[in-house]
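The residues making up each chain are set out below.
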Amino acid sequence: MTHRIAIAPSGFKESLSAARVAEAIAVGVRRVIPDADLDLIPLVDGGEGTAEALALAGGGRLVPCTATGPVGEPVASHFALLGGPGPLTAVVEMAAVAGLALVPPGLRHPGATTTYGVGELIRAALDSGARRILIGCGDSGTSDGGAGALQALGARLADRHGRELRRGGGALHELERIDASGLDPRLARTELLVACNPYNVLCGKRGVARVFGPQKGATPAEVELLSAGLERLADVLTRDLAPAFTPATGAPVDLRTAPGTGASGGLGAGLAAVGARLLPRYDVLLDGLDLDARLARADFVITAEGALDSQTVRGKIPAEVARRAHACGVPVLVLAGTIGPGAQDVRAVGVDAYSSILPAPMTLVEAIGRSGEFLADATERALRIMALGTRLAPLAA
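Residues numbered from 1 in each chain as written. Predicted model: local features only at pLDDT ≥ 70, side-chain atom pairs only at ≥ 80, totals over all residues. Heavy atoms only, no water.

**Looking at the overall build of the protein chain**
The helix and strand inventory of the protein chain stands at 13 helices and 13 strands. Taken against the 2.2 N^0.38 rule, which gives 21 Å for 397 residues, the C-alpha radius of gyration of the protein chain at 22 Å falls within 12% of a compact globule. The buried share among the 397 residues of the protein chain stands at 51%. Residue pairs at least 24 apart in sequence account for 71% of intrachain contacts in the protein chain once pairs closer than 6 positions are excluded. For the protein chain, the exposed surface amounts to about 16,600 Å²; the carbon and sulfur share of it is 56%. A distance of 2 Å separates the average location of the 38 positive side-chain charges in the protein chain from that of its 41 negative side-chain charges. (Helix = DSSP H or I, 4+ residues; strand = E, 2+ residues; numbered from the N terminus. Rg over C-alpha atoms; globule rule 2.2 N^0.38 Å. Buried < 20%, exposed > 50% of the residue type's maximum accessible area, 1.4 Å probe, protein only. Contact = heavy atoms within 4.5 Å. Areas by Shrake-Rupley, 256 points an atom, 1.4 Å probe, with all protein chains shown as cover. Lys, Arg positive; Asp, Glu negative; His and termini not counted. Charge placed at Lys NZ, Arg CZ, Asp CG, Glu CD.)

**What to know about the pattern of salt bridges**
Tallied over the full model, the rule gives 25 salt bridges. For Arg-123, the salt bridge goes to Asp-184, with nearest N and O atoms at 3.9 Å. Linking Arg-123 in helix 4 (residues 116-127) with Asp-184 in the loop between strand 8 (177-179) and strand 9 (191-196), this pair joins segments that are 61 residues apart in sequence. Look at Arg-123 and you get partly exposed, because its relative accessible area is 36%. (Salt bridge = Lys/Arg side-chain N within 4 Å of Asp/Glu carboxyl O.)

**Details of empty space enclosed by the protein**
Summary: where empty space remains is shown by rolling a probe the size of a single water molecule over the atoms. Applying the stated rule across the entire model yields 2 cavities of 30 Å³ or more. For the largest cavity, the calculated volume is near 40 Å³. Leu-202, Cys-203, Gly-204, Gly-207, Val-208, Ala-209, Arg-210, Ser-227, Leu-230 and Glu-231 are the residues that line the largest cavity. Looking at the lining of the largest cavity, the elements that each hand over two or more residues are helix 6 (208-212) and helix 7 (220-240). Here the lining of the second largest cavity is composed, by residue class, of 5 nonpolar, 2 polar and 2 charged. (1 Å grid on protein atoms, 1.4 Å probe; cavity = no way out; pocket = protein on both sides within 12 Å on 5 of 7 lines; lining within 4 Å. Points joined across faces, edges and corners; volume = space filled by probe spheres on them. Nonpolar A, V, L, I, M, F, W, Y, C, P; charged D, E, K, R; others polar.)

**Section: the state of the cysteines**
The tally for this structure, following the rule as stated, stands at 0 disulfides. With no disulfide of its own, Cys-65 has Cys-137 as its nearest cysteine by sulfur position, at a separation of 17 Å. The cysteine Cys-137 is free of any disulfide, with Cys-196 supplying the nearest cysteine sulfur at 5.9 Å. Overall, Cys-137 belongs to the buried group, its relative accessible area being 2%. (Disulfide = S-S within 2.5 Å.)

**Focus: helix 8 (residues 263-272)**
Counting buried positions over the 10 residues of helix 8 gives 10, a clear majority of the element. By the burial criterion, the buried members of helix 8 are Ala-263, Ser-264, Gly-265, Gly-266, Leu-267, Gly-268, Ala-269, Gly-270, Leu-271 and Ala-272.

**Concerning the environment of Leu-335**
Along the polypeptide, Leu-335 turns up in strand 12 (residues 332-339). What Leu-335 contacts, discounting residues up to four positions off in sequence, is Phe-12, Ile-25, Ile-302, Thr-303, Ala-304, Glu-305, Ser-355, Ile-357, Leu-375, Ala-378 and Thr-379.

**Details of the pairing of strand 2 (residues 37-40)**
Of the strand pairs in this sheet, strand 1 (residues 4-7) and strand 2 are connected by 4 bridges, and their pairing is parallel. Bridging from a neighbouring strand, Ile-5 pairs with Leu-38 of strand 2. Note on the crossover from strand 1 through helix 1 (residues 18-32) to strand 2: the handedness is right-handed. (Pairing = 2+ DSSP bridges. Right-handed = clockwise from strand over helix to strand, strands pointing away.)

**Let's talk about the confidence of the model for the protein chain**
On average, the protein chain scores 91 in pLDDT, and the residues at 70 or more come to 95%. Below pLDDT 50 for its whole length, residues 243-248 participates in 12 contacts with residues either more than four positions away or in separate chains. (pLDDT = per-residue confidence, 0-100.)

**Here we look at the packing of aromatic side chains**
Scanning the model with the defined rule gives 0 aromatic pairs in all. Between the NZ or CZ atom of Arg-167 and the centre of the ring of Tyr-116, over which it lies, the distance is 3.7 Å. (Phe/Tyr/Trp six-rings, centres within 6.5 Å; stacked < 30°, edge-to-face > 60°. Lys NZ or Arg CZ within 6 Å of the ring centre and 35° of its normal.)

**Considering the layout of surface pockets**
Considered as a void within the structure, the largest pocket measures approximately 1,200 Å³ in volume. Lining the largest pocket we find 46 residues, and of these Lys-13, Asp-139, Gln-215, Ala-307 and Lys-316 sit closest to its centre. Of all the elements in the fold, those that place two or more residues in the lining of the largest pocket are helix 6, helix 8, strand 11 (300-308), helix 11 (317-327), strand 12 and helix 12 (364-369). At 4 residues, the largest contribution of residues to the lining of the largest pocket is made by helix 12. Approximately 990 Å³ is the volume found for the second largest pocket. Every element with two or more residues in the lining of the second largest pocket is listed here: helix 1, helix 2 (50-57), strand 6 (132-136) and helix 9 (281-285). A breakdown of the residues in the lining of the second largest pocket according to their chemical character gives 25 nonpolar, 13 polar and 10 charged.

**Remarks on unusual backbone geometry**
Unusually for a residue other than glycine, Asp-139 sits at a positive phi of about 60°. In this structure, Asp-139 sits in the loop between strand 6 and helix 5 (147-152). Even without a glycine there, the phi angle at Asp-290 is positive, about 55°.

**A look at the side chain of Ser-371**
Within the fold, Ser-371 resides in helix 13 (residues 371-390). The buried category is assigned to Ser-371, whose relative accessible area is 3%. With residues near it in sequence (within four places) discarded, Ser-371 still touches Phe-12, Ser-15, Leu-16 and Ile-357.

**Notes on the sheet that holds strand 6**
Here we have 6 strands laid out as an open sheet, ordered 3-4-5-6-9-10, and mixed in their pairing. Because the sheet does not close on itself, it has two edges, and the strands there are strand 3 (61-68) and strand 10 (277-280). Going from strand to strand, the sheet's axes swing by 30° on average, the running direction of each strand aside. Relative to strand 9, strand 6 runs parallel, the two sharing 5 bridges. Residue pairing across strands places Ile-133 opposite Leu-192, the latter belonging to strand 9. On top of the sheet, helix 4 reaches strand 3, strand 4 (74-81), strand 5 (89-93) and strand 6; it is set at about 135° to strand 3, its chief contact. (Axes fitted to C-alpha atoms, helices over the stretch in contact; angles between N-to-C directions.)

Take a look at the structure:
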């Protein structure tokens, strides 16, 4: 009997793209089940690799460009132009210009990093003729509520003395007013779609600064400063840009707590204030992959991510894959670089088993450098244990 295995992983941050993760897992499967029918489905969540993946899937191309990076220095970046009918569509991947991987370890202070380059990429996409722009949120190294992106798009953010606000979330508590008269007029004629994690909100106890600020290098005191700044930004955006963020339904968007407003350090809120629609990322990013049908055809699903922990169930790829596979009655294995607190919660969304790929304690640098090798080996180990325990898969000679 031929075993049908779907391999549907995310990428490993700062290490392997989703496609390379899928290929490494496939190597491990072939060692144990050489004749397996494999369906490789590399998935993206709006973070690293999103523009390239959607360009490949949609018959498009990457457009290289230089933009302002998260610490204010120019970085080599890109956006994608997609093929197909309809208005020219661009994909702006915020991680390609403001991602955590672009912030040197010694400069990881989210109060100082900026999304200014995201606004520059949006303008570059507009210059290319795009009239539909998909912004992928994920893997950010910023917490400025999208203020930098708004500045790059022509908005003026001023303090109580009328001075232009310095870049970075650490200055937002000084914000007094926003002058939108200089915003790029093409935004009003362009459909902006933000693919974001709906669990991430801008403010409150689960606000983005409190949840993700420490991961980006913020101290407890800096977390509170960032939270206060984002609260202030929400107030001023609501007051000064109110007409711009009322969707077609007529229902106003609550920039503090609406789903997705906290995406990428609050970039979702900033873009919603200039008319962007915040959409659950998988509703946008999985379009055209026929994922549910492909999972349903499989006997077994393997997914993966860099870190399995309490955040996984809050919209990460393994949780989404497990939820869909569980609905089809297909078992799921998750492979992860690290296993953290709360990892056991994934069982509630349909994960049958999970395992770390690391064979022994080691430095992060070594783990990142050998992640492809470790993925293949971990896949082989898992399948051999399954074969021994169930007698449903052939053992290697």
